[in-house]
Structures are given as C-alpha cells and as structure tokens.
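Residue-level structural notes
As a plain string of letters, each chain reads:
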2 protein chains.
Amino acid sequence: MRKGKRVIKKIEEKIKRQVTFAKRKKSLIKKAYELSVLCDVHLGLIIFSHSNRLYDFCSNSTSMENLIMRYQKEKEGQTTAEHSFHSDQCSDCVKTKESMMREIENLKLNLQLYDGHGLNLLTYDELLSFELHLESSLQHARARKQQQQQTDQKLKGKEKGQGSSWEQLMWQAERQMMTCQRQKDPAPANEGGVPFLRWGTTHRRSSPP
Amino acid sequence: MRKGKRVIKKIEEKIKRQVTFAKRKKSLIKKAYELSVLCDVHLGLIIFSHSNRLYDFCSNSTSMENLIMRYQKEKEGQTTAEHSFHSDQCSDCVKTKESMMREIENLKLNLQLYDGHGLNLLTYDELLSFELHLESSLQHARARKQQQQQTDQKLKGKEKGQGSSWEQLMWQAERQMMTCQRQKDPAPANEGGVPFLRWGTTHRRSSPP
DNA sequence: AGAGCTATATATAATGC
DNA sequence: TGCATTATATATAGCTC
C-alpha cells in the first residue's frame, strides 16, 4: 500500500532498493517493449544493476549494435570530434581506429556519389567511367528484378504443388550461399540489422515468398 | 477515458500513433530517470522516432558512450572471447573497433549492390527502389558530365582572358562548399587517402582545369 | 505539435508467506 | 530470493482547446 508521493531520491536501504530495482526494471522494459510495438519505433535500453549486471532490451527488427551505430552517427554529426579523450591510453589502437575511420569515410564518400553528391570532385574521365558503371548496375538490377518476378510468378502458380519446388530450393540454396559468404563473422550482429539501404526501404527479404 | 485493455499491437492511425509515441516516450524517459535515481544504477535509453529522430536518456554520473562500451564489453564476453589475443590492454578500444568493423562491413555490402552482388537478398520492392535510385544517379552523373564538358570548353576558349573567369570562381566556390559540407570532422582524414573509386580510376580532380 | 481534462488501466510500495 | 495481495499513486487514451 503506497502512502504519500514518491520522492525521487536514492533509496538508502539496500534491500528495498534491490526490490524496487527488480520491479521497476521489469516494468521499464515492459514499457519500452510496448512503446516499440505500439508506435513501431526502434529503441534500445541498457541497464547496469548496482552489481554491474547487464539487462537490456531492444525492439524487434533491429539490433542493439545497429541502434548504437545509428546513435553514434547522430551524435557524431552533433558534436565535433570528441574522441580525443580516450586516445592517450592506447595509441596503437587509436591508430588502427583512425585508419578504420578513414576507410569508413572513404566508403561513405563513395556511397554518396550514388546520391549525386561529390560528383564535382570527379574528372571528366571519371564521370564517364562512373556513368558506364551505373549503366551496368542498372542492367544487373533489372535483370535480377525480372528474374525474381518470374520466380515469384512460378511459385505462385505452383503454390499448391509439392511442398518444396525447384525454385524454392534453388532460392534457398542461393540465399544460404550468399548468407554464408556475407557472414564470415559468426557474431549474430546482422540477425536483424541488415545493412541500411540508403535509397529506400530498410528491410530485406528474410525468407522465400 | 480508457476503455478496455490495451492490446499491444502497432497503432495503424498515424495521428494516434504519433500522439501515443510522444506521451509514452515522455513517461518512459521519466521512468528511466526515476529508476536510475531511486536505485542508483546506470542506464541508457535510445529511441529513434518513426521519422528517424533520436531521443535518448542516460543516467547521471555516466555517459552513453561509456554505457555502450560497457554493453559491448559484456556482449563480447558472452560470445566466444576470441579477441583476447588482440590486446587485453585496451579492450574498450577493441569494442569500438568491432562496431567500426561492422559499419565497414555494412557499407561494403551496400557498395557491392552497385556491382550487382547481393541483389538476391532484396525484395522485389527494394529492387524497384534500387532501380529508381540508380536511374536518378545516372541522371545526376550525366548532368554533371554535361555541365563539366561545357565548363571545360568555355574555359578553353577563355584561357587567355582575365585571370579568374566566372566559371572558375563558381567552380571554386562550389567545390569549397562541397568540401566544407563533406568535412564537418576537422580531422585531416582525407589528407592523402582519396576515396578509392572502385568502378574505375582512383584519382579525383584536385584542382580546376 | 502541445496542454489540460477525465475515466479507467497499470504500476508499485508495503506486507505477509 | 521470489510471489501474491492490496491500497494508493501514476499512466494514459480519447477528448477539447
């Protein structure tokens, strides 16, 4: 039975504090879950108990790593470089990190070209190459689209046939190969966090139709 | 006035969803704050709205970066700890490196799409979006090519005119804008390592012709 | 968007087991 | 520890402004 208003101040009695922590943590995670589902938003919650135990929650269709990356991307844009504070501890790590940052920068610049940004930094010849490259990309994409369209139609036609059609098997095998090829890293970091597709929707086909 | 139990399912009406998001987000952050104070624990909350806006909360006496580092350290401990040989001296650096590696992976996957690799992981709708995106890219590139062609011709014609032509000035201004826009980060990450243009030559125009 | 209002639904502090 | 109970305090959906 609650009496009086709750004063938000550290609970000094250890037992009470632990009990309250367990209860409130549970409902906080529940609330986070509800918000993520009701409003279809991505969110992550990280809690370290007083005994340093980790509790976390992350909305479906994303991963904490993904959220962290997006968070850092946001913050990066807001503040200027503030990585200086954890640099003096291990300079070799920092160096490697710097080279990785450069690589990320370069990759991003390359991706930006496809959005039409930075084209003015290219020579005429490079623009020509780029144009040819784009035409080739377009061909690939269209070919794949057509292929998939046909596959989908065939599948639809055979929907009530045998349990697993040739196309389905091929599709699965193909996907498995790609997945295997793309995920040398055993870490399940990509389980829900597919690469962010900047030019459109963010979800990839997760199973054959 | 609430009637009946809340069913936790995505709210389809956009307006309702937004209102609920605003209200629940507010109280979720409040609850997070209360838990952190009452129980004196460290916690972080990251929320991305449907419009991709970031809202976050982090308990006092720590920072989100710190929490993220601790989180990643925990998670790493849960999976096979095979990076221990990397450098146990600065494991927090390793964590950050891991997230960077993942980002690099993602960026590379996105770039590979333009080479026609991984298209089979896209849904039909995504392929459509991608196709449209490529067409737009192509338009941009062609427009820029034409623009540069004209500029080059004019410059050639006026080569012996006044020291700085209008086009040159405009080009310089444009380039300066782009450079400025692209390098919020004051770090000279691009000093020597120009982005590697995978689809052709590797050098970019470094000065107006 | 955001601020109040109101009737319910939930959360939760204290207690006992 | 954890679980159930219970009396209150909060949260919140729908509404108006």
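What you see is a predicted model, and the numbers here were worked out from it, not measured in a lab.

**A word on the pattern of salt bridges**
A complete count under the given rule lists 17 salt bridges over all chains for this structure. Between E34 of chain B and R24 of chain A there is a salt bridge, with its nearest N and O atoms 2.8 Å apart. Here E34 of chain B is found in helix 1 (residues 14–38), whereas its partner R24 of chain A is found in helix 1 (residues 14–38) on a different chain. Neither E34 of chain B nor R24 of chain A differs from the other in exposure class; each is buried. Of the charged contacts in the structure, one is a salt bridge between D56 of chain B and K75 of chain A, with a shortest N-O distance of 3.8 Å. Residue D56 of chain B is found in strand 2 (residues 54–58), and its partner K75 of chain A is found in helix 2 (residues 64–78); the two belong to separate chains. A relative accessible area of 22% means that K75 of chain A is categorised as partly exposed.

**A look at the sheet that holds strand 1 (residues 42–48) of chain B**
Taken in spatial order, the four strands line up as 2(A)-1(A)-1(B)-2(B) in an open sheet, and their pairing is antiparallel. Two strands in the sheet have a free side with no partner beyond their single neighbour: strand 2 (54–58) of chain A together with strand 2 of chain B. Strand after strand, the sheet turns through a mean of 5° between neighbouring axes, direction not considered. In this structure, strand 1 of chain B lies alongside strand 2 of chain B, joined through five bridges in antiparallel fashion. Its bridge partner being in strand 2 of chain B, I47 of chain B is matched across the sheet by Y55 of chain B. The strands touched by helix 1 of chain A are strand 1 (42–48) and strand 2 of chain A together with strand 1 of chain B; relative to strand 1 of chain A, the strand with the most contacts, the crossing angle is about 170°.

**Notes on the side chain of E34 of chain A**
Owing to a relative accessible area of 11%, E34 of chain A belongs among the buried residues under this scheme. Not counting chain neighbours up to four residues away, the residues in contact with E34 of chain A comprise C39 of chain A together with I8 and R24 of chain B.

**A few points about the nonpolar core**
Residues F130 and L134 of chain A together with Y114, F130 and L134 of chain B are the most contacted members of the largest nonpolar core, which totals 26 residues. Those elements giving two or more residues to this core turn out to be helix 3 (91–113) and helix 4 (124–157) of chain A together with helix 3 (91–113) and helix 4 (124–157) of chain B. I11, F21, C39 and I47 of chain A belong to the second largest nonpolar core, which has 24 residues in total.

**As for unusual backbone geometry**
All names here are of chain A. Positive phi, close to 60°, is recorded for S61, a residue that is not glycine. Within the fold, S61 resides in the loop between strand 2 and helix 2. In this structure S61 comes out as partly exposed when scored by relative accessible area, which is 42%.

**Digging into the packing of helix 1 of chain A against helix 1 of chain B**
Their axes nearest at 10 Å, the elements helix 1 of chain A and helix 1 of chain B cross at an angle of 160°. Viewed along their axes, helix 1 of chain A and helix 1 of chain B adopt a mutual orientation that is roughly antiparallel. Note on packing geometry: the crossing formed by helix 1 of chain A with helix 1 of chain B is left-handed. Together, R17, F21, R24, K25, L28, K31, A32, E34, L35 and L38 of chain A of helix 1 of chain A and R17, F21, R24, K25, L28, K31, A32, E34, L35 and L38 of chain B of helix 1 of chain B make up the contact between the two elements. By residue class, the composition of the contact of helix 1 of chain A with helix 1 of chain B is 10 nonpolar, no polar and 10 charged.

**Quick notes on helix 1 of chain A**
Across its 25 residues, helix 1 of chain A extends 35 Å between first and last C-alpha, which sits within 8% of the 36 Å expected from 1.5 Å per residue. The set of residues buried in helix 1 of chain A consists of R17, T20, F21, R24, K25, L28, A32, E34, L35, S36 and L38 of chain A. Among the structural elements, strand 1 and strand 2 of chain A together with helix 1 and strand 1 of chain B are those in contact with the buried residues of helix 1 of chain A. Of the residues one or two after helix 1 of chain A, D40 of chain A is the one with positive phi, at around 55°.

**Quick notes on the environment of Y124 of chain A**
Of note, Y124 of chain A is situated in helix 4. For Y124 of chain A, the side chain forms a polar contact with the side chain of Q149 of chain B, separated by 3.1 Å.

**Points about the protein's contact with DNA strand D**
All names here are of chain B. As a structural note, the neighbourhood of DNA strand D is formed by 16 residues, with M1, K23, R24, S27 and K30 the closest of them. Between DNA strand D and K23 there is a distance of 2.9 Å, counted from a base oxygen to a side-chain nitrogen or oxygen. Top contributing element to the surface near DNA strand D by residue count: helix 1, with seven residues. Residue classes in the surface near DNA strand D are distributed as two nonpolar, three polar and 11 charged.

Conventions adopted
For every chain, the first residue of the written sequence is number 1, and numbering continues from 1 onward in sequence order. Chains carry letters and ligands carry numbers; both start at the beginning, A for chains and 1 for ligands, and go up in the order they are written. It should be noted that, the model being predicted, local features are given only for residues of pLDDT at least 70 and side-chain atom pairs only at 80 or more, the latter also being counted only at that level, while totals for whole chains, interfaces and linings use all residues. Side-chain metrics in this entry use all non-hydrogen atoms of the structure; hydrogen atoms and water are not considered. We count a salt bridge whenever a side-chain nitrogen from Lys or Arg sits within 4 Å of a carboxyl oxygen from Asp or Glu. Numbered from the N terminus, helices here are DSSP runs of H or I no shorter than four residues, and strands are runs of E no shorter than two. Any residue under 20% of the maximum accessible area for its type is buried, any over 50% is exposed, and the rest in between are partly exposed; the area is computed with a 1.4 Å probe on protein chains only. One bridge is not enough; two strands pair if DSSP finds at least two bridges between them. An axis is simply a line fitted to the C-alpha atoms; with a helix, the fit covers only the stretch in contact. Between two such axes, the angle follows the N-to-C directions and lies from 0 to 180 degrees. Should any heavy atoms of two residues lie within 4.5 Å, those residues are counted as being in contact. Remark: nonpolar core denotes a set of buried residues (Ala, Val, Leu, Ile, Met, Phe, Trp, Tyr, Cys) joined through side-chain atoms within 4.5 Å. By definition in this entry, angles of less than 35 degrees are roughly parallel, angles greater than 145 are roughly antiparallel, angles of 65 to 115 are roughly perpendicular, and the rest are oblique. Each crossing is labelled by how the near helix is turned from the far one, with a counterclockwise turn of less than a right angle marking it left-handed and a clockwise turn marking it right-handed. Side-chain classes follow a simple rule in which Ala, Val, Leu, Ile, Met, Phe, Trp, Tyr, Cys and Pro form the nonpolar group, Asp, Glu, Lys and Arg form the charged group, and the remainder, Gly included, forms the polar group. How far a helix is expected to stretch is found by multiplying one less than its residue total by 1.5 Å. N or O atoms within 3.5 Å of each other form a polar contact, as long as, within protein, one can give a hydrogen and the other can take it, and as long as residues adjacent in sequence are counted only when both atoms are side-chain atoms. The nearness test applies per residue and asks whether one of its heavy atoms lies within 4 Å of the molecule or strand.

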